[in-house]
Amino acid sequence: MATFLYKLGRLAFRRRHFAALIWVALLTLAGVGAASAPVAGSSSFSMPGTEAQKAFDLLESRFPGMSADGATARVVFKAPAGEKMADKDNKATVEKAVEVLGTGSEVTSVTDPFKTRAVSKDGTVAYASVRYEVSGMELKDASKDALKEAAADARHSGLTVEVGGDALQATPETGSSEVIGIAIAAVVLVITFGSLLAAGLPLLTALIGVGIGVSTITALASALDLGSTTSTLAMMIGLAVGIDYALFIVSRYRAELAEGREREEAAGRAVGTAGSAVVFAGLTVVIALVGLSVVNIPMLTKMGVAAAGTVAIAVLIALTLVPALLGYAGRRVQPAGQKSKLLGGGRAAKKAGRPNMGTRWASFVVRRPLAVLLLGVIGLGAAAVPAASLQLGLPDDGSQPVSTTQRRAYDLLSEGFGPGFNGPLMVVADAKASDAPKTVFSRVHDEIEDLDGVVSVSPAAPNKAGDTAMITVIADSKPSSVTTENLVHAIRGAGADIKADTDATVLVTGSTAMNIDFSQKLNDALVPYLALVVGLAFLLLIVVFRSILVPLKAALGFLLSVTAALGAVVAVFQWGWLSGLMGVEETGPIMSMMPIFMVGVVFGLAMDYEVFLVTRMREAFVHGEKPGQAIVTGFKHGARVVTAAAVIMIAVFSGFIGSSESMIKMIGFGLAIAVFFDAFVVRMAIVPAVLALLGGRAWWLPKWLDRVLPNVDVEGEGLRDLDDKPLDGDADRKLVGV
């Protein structure tokens, strides 16, 4: 592989106009496609095989025209102090608002709170339910404006009016912190390279890659049913790995220049060595992201595949566009150890022969491996303690900032009708196989009413055929609580008994039940997902390092860092530590998809640093150095760059903490802290300590396995026999298929 990539790098350097033209053309095509694509609606949410999804599908077929997936809004009214909603003026205001809301072109129904008895017991709070024929993201601006205006008009009469539900669903905003993250990345690159031009190359190529990836996702969003979160996560991951991969290529290029090689030769060798590590690091990330498909939740699968596509683009850009731009830069990119005239006058950055910080740190670890290992493991273990109290759930309007009308509507409904009113359970009774449907409906109603934790049960509402009915159940606890989850299981248990006696099927659905099933599905998939991803990556790393213990150590180190990161997430978002600093206004359960998504992404990124750092060590070991010295050599050449890459990735991920979307905020924080733990504790401390303790045994591989495994030559051993003379152009083109 090293020889192939070496020739590819030289070809891209020499044919830089052609390489640049291809990527500019792809960026243009993706941009045109995104601009001309229809506006994507809300990504559909389905969970094949779950009871909540079966009930949802049954409602679609048995209650045609119901628009079960349509947007809903709850317009909540509260009377001024000392007044009641039934007072003449207040009642007239509500009736007028209901009348206005019913005139909307996309409205299918509006309920009058005085006719549906949707008034609190103390008479101070009432609500009107509005249902639309399309989803929240597909609602026209005119419908949203009409909803806001109706609420504003009612407020003028002195009532407190707030709007909940998904009808006013907005696209998440990341805020200015995302730009700050990129700015920090730029500063780190300038410090690392001592050159504005060299620092600008990774940023430029990463932005081009993200532009192509996100524009492609936008262009295909409508056809493939992709939501806005998909492009945000693809941007987050693509930007981070794009900068890192280009950083490693440029850094190796400058190191080759420092050894006296010509620029084209240096570009070829940089792509042949660091590029090999980029390929395998990218493969681990892609495996981790595509592996999310084992969960069998279409939304999560699409998110993973889209992000994996952006990572693949970042790898290809690092291998082709980066050497092409290095060709354009020419002598303006200085060899390693020199600064540009602007930043350092072209002088050597430090005295020759003086060991850098990476060398000094690695030498210390090699001398004190056991102490460093124990300190690192104990520190991560302490950070992981909060993970033991991890509670999973999905956010609702109760997790919104208190400044939003959705959150204020949620609080008003809780105040007037109880916390469970914000997450009603919808029970679907399918009595098509029963001889007495009405008797079945009555029994279902009565048995649910007798269960603990139930505030109210609505009368059964059958369809036109009379074989299926809907029953609404209000719990006495908030939707995200364990008590509500237990009630859902109790209703399903009662439904099993009814099924045995009457052949009627009882299913529980609604947003609360969907969230419970979603969490359970993710929990059930976590172990198979870990086995698949870690297993495939373990095999891949055996091929890369030609060792058993090094990949095993890499996987165990990842488990330490990801568990510690989950502990930090629990401490901030569930316990409330530093919540004000992070902009977390409401603590609560950790989002159900957070652990499995973080496991996938962090595993891929952790293997990035493992490949980049340990490959340098193995390269030195293969070239004849002793195990301890190989560790020091690996840090001498790789520690500075890996540190810069980690800081950049932390900065990029931290930029998404400012998002208005709680999921993006949580994932941004989780990935940032996970990269910190993995890069600076696991890879920089625990890894060299373990390798120092193992010595030469770290690189042991059974002879029979050594014969079976393909030799991918990540270390560039095959390049040692090549001359520094430029290769024949025809041979280059033949090898890469041009």
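Predicted, not measured: the structure shown is a model, and the values here were computed from it.

### A closer look at the overall build of the protein
Inference 1: Along its length, the protein carries 24 helices and eleven strands.
Inference 2: By the burial criterion, 54% of the 738 residues in the protein qualify as buried.
Inference 3: Of the roughly 30900 Å² of accessible surface on the protein, 60% is carried by carbon and sulfur atoms.

### Side note on the packing of aromatic side chains
Inference 1: Summed over all chains, the structure comprises nine aromatic pairs.
Inference 2: Cluster of aromatic residues (ring-pair linked, three or more members): Y127, F417 and F421.
Inference 3: The ring of Y127 carries R74 above its face, with NZ or CZ at 5.2 Å from the centroid.
Inference 4: For K91, the ring lying beneath its charged end belongs to F114, and the centroid distance is 5.3 Å.

### Some points on the sheet that holds strand β1 (residues 72-78)
Inference 1: The four strands are arranged β2-β3-β1-β4 in an open sheet whose pairing can be described as antiparallel. The outermost strands of the open sheet, each flanked by one partner alone, are β2 (107-110) and β4 (160-165). On average, each strand axis in the sheet is tilted by 20° relative to the strand beside it, whichever way the strands run.
Inference 2: Relative to strand β3 (residues 125-132), β1 is paired through seven bridges, and the arrangement is antiparallel. By the bridge assignment for β3, A73 is matched with V130.
Inference 3: On the sheet, helix α14 (residues 405-417) packs against β1, β3 and β4 and is oriented at approximately 105° with respect to β4.

### Digging into α14
Inference 1: Between its first and last C-alpha, α14 extends 18 Å over 13 residues, near the 18 Å set by a 1.5 Å rise per residue.
Inference 2: For α14, the full list of buried residues reads T405, Q406, R407, A409, Y410, L412, L413, G416 and F417.
Inference 3: In this structure, the buried residues of α14 make contact with β1, β3, α5 (141-155) and β4.
Inference 4: Once α14 ends, the next one or two residues include G418, with phi positive near 105°.

### Looking at the environment of G123
Inference 1: Within the secondary structure, G123 sits in the loop between β2 and β3.
Inference 2: When the C-alpha atoms of G123 and G416 are compared, they prove to be 8.5 Å apart, with 293 residues separating the residues in sequence.
Inference 3: Setting aside chain neighbours within four positions, we find G123 in contact with K84 and M85.

### Focus: the side chain of R263
Inference 1: Along the chain, the position of R263 falls in helix α9 (residues 263-290).
Inference 2: The charged side chain of R263 is buried without a salt bridge, its nearest counter-charge being E262 at 6.9 Å.
Inference 3: Polar contacts involving the side chain of R263 include one to the main-chain carbonyl oxygen of V333, which spans 3.1 Å.
Inference 4: In this structure, R263 is in contact with F13, Y253, L257, G330, R331 and V333, ignoring residues within four places of it in sequence.

### A short note on a nonpolar patch on the surface
Inference 1: Together, F18, I22, L26 and L29 make up an exposed nonpolar region whose accessible area comes to about 390 Å².
Inference 2: Inspection of the secondary structure puts L29 in helix α2 (residues 16-36).
Inference 3: According to the relative accessible area criterion, L29 is exposed, its value standing at 61%.

### Topic: the nonpolar core
Inference 1: Membership of the largest hydrophobic core comes to 189 residues, with the highest contact counts inside it found for Y245 and L300.
Inference 2: It is helix α22 (residues 662-694) that provides the largest number of residues to this core, a total of 21 residues.
Inference 3: If we skip the residues at most four places from it in the chain, L300 touches L292, V295, L522, M593, I596 and F597.

### Looking at unusual backbone geometry
Inference 1: Positioned with a positive phi, R117 is a non-glycine residue whose angle comes to about 55°.
Inference 2: With a relative accessible area of 76%, R117 lands in the exposed category.
Inference 3: Although it is not a glycine, R546 adopts a positive phi angle of roughly 50°.
Inference 4: With respect to the helices, strands and loops of the structure, R546 is situated in the loop between α17 (511-545) and α18 (549-574).

### Describing the environment of M591
Inference 1: Looking at where M591 falls in the secondary structure, it is placed in strand β11 (residues 590-591).
Inference 2: In the structure, M591 is positioned 75 residues away from M666 in sequence and 8.4 Å away in space, judged by C-alpha atoms.

### Considerations on the confidence of the model for the protein
As a note on interpretation, predicted positions should not be read in detail where pLDDT is low.
Inference 1: In the predicted model, the protein carries a mean pLDDT of 83, and the fraction of residues at 70 or more is 89%.
Inference 2: Helix α24 (residues 729-736) is the least confidently modelled element of the protein, averaging 41 in pLDDT, while helix α13 (residues 369-384) averages 94, the highest of any element.
Inference 3: Contacts for the low-pLDDT stretch residues 346-352, under 50 throughout, to residues beyond four places or in other chains number 13 contacts.

### So, the packing of α9 against α17
Each pair of packed helices can be summarised by the angle the axes make with each other and by the distance between the axes.
Inference 1: Interhelical geometry of α9 versus α17 gives an angle of 165° and a closest axis separation of 9 Å. Between α9 and α17, the crossing angle belongs to the class labelled roughly antiparallel. Note that α9 runs across α17; the crossing there is right-handed. In contact with F280, L283, T284, I287 and A288 of α9, α17 contributes Y529, V533, L536, L540 and V544.

### What to know about the packing of helix α21 (residues 627-654) against α22
Inference 1: Contact pair α21 / α22: the axes reach a minimum separation of 8 Å and the direction vectors enclose 170°. Here α21 lies roughly antiparallel to α22, going by the angle between them. Listed contacts from α22 to I631, F635, A639, V642, T643, A646, V647, M649, I650, F653 and S654 of α21 are G668, L671, A672, V675, F676, A679, F680, R683, M684, P688, L691 and A692.

### What about the pattern of salt bridges?
Inference 1: Tallied over the entire structure, the rule returns 20 salt bridges.
Inference 2: A salt bridge links R269 to E265, with the nearest nitrogen and oxygen atoms 2.6 Å apart. Here E265 and R269 lie together in helix α9, a separation of four residues that amounts to about one turn.
Inference 3: Residues E447 and R443 are paired through a salt bridge, measuring 2.7 Å at the closest nitrogen-oxygen approach. Note that E447 and R443 are positioned in helix α15 (residues 437-449) at a spacing of four residues, about one turn of the helix.
Inference 4: Within the structure, one salt-bridge network assembled from shared partners comprises R10, R14, E264, E265 and R269.

### A short note on the side chain of R252
Inference 1: Take R252: it is sitting in helix α8 (residues 228-258).
Inference 2: Owing to a relative accessible area of 10%, R252 belongs among the buried residues under this scheme.
Inference 3: The contact partners of R252, leaving out residues within four places of it in the chain, are A270, T273, A274, R616 and E619.

### Some remarks on the pairing of strand β10 (residues 505-509)
Inference 1: Of all five residues in β10, four are buried; the element is thus mostly enclosed.
Inference 2: Here strand β6 (residues 425-430) runs beside β10; their pairing, made up of five bridges, is antiparallel. Bridging from a neighbouring strand, A429 pairs with V506 of β10.

### Notes on the environment of G304
Inference 1: If you trace the backbone, G304 turns up in helix α10 (residues 298-329).
Inference 2: On a C-alpha basis, the gap between G304 and V601 in space is 9.1 Å, while along the polypeptide they are 297 residues apart.
Inference 3: Those residues within four positions of G304 in sequence are excluded, and the remaining contacts are L289, V290 and L292.

### Quick notes on a negative patch on the surface
Inference 1: On the surface, D141, D145, E149 and D153 cluster together to form a negatively charged patch.
Inference 2: Here E149 lies in helix α5.

Analysis parameters
Residues numbered from 1 in each chain as written. Predicted model: local features only at pLDDT ≥ 70, side-chain atom pairs only at ≥ 80, totals over all residues. Heavy atoms only, no water. Helix = DSSP H or I, 4+ residues; strand = E, 2+ residues; numbered from the N terminus. Buried < 20%, exposed > 50% of the residue type's maximum accessible area, 1.4 Å probe, protein only. Areas by Shrake-Rupley, 256 points an atom, 1.4 Å probe, with all protein chains shown as cover. Phe/Tyr/Trp six-rings, centres within 6.5 Å; stacked < 30°, edge-to-face > 60°. Lys NZ or Arg CZ within 6 Å of the ring centre and 35° of its normal. Pairing = 2+ DSSP bridges. Axes fitted to C-alpha atoms, helices over the stretch in contact; angles between N-to-C directions. Contact = heavy atoms within 4.5 Å. Expected span 1.5 Å × (residues − 1). Lys, Arg positive; Asp, Glu negative; His and termini not counted. Salt bridge = Lys/Arg side-chain N within 4 Å of Asp/Glu carboxyl O. Polar contact = N/O pair within 3.5 Å; in protein donor to acceptor, adjacent residues only side chain to side chain. Patch = residues over 30% accessible without salt bridge, like charges linked within 9 Å, V, L, I, M, F, W, Y side chains within 5 Å. Core = buried A, V, L, I, M, F, W, Y, C linked by side-chain atoms within 4.5 Å. pLDDT = per-residue confidence, 0-100. Parallel < 35°, antiparallel > 145°, perpendicular 65-115°, else oblique. Left-handed = near helix turned anticlockwise from the far one by under 90°. Charge placed at Lys NZ, Arg CZ, Asp CG, Glu CD.

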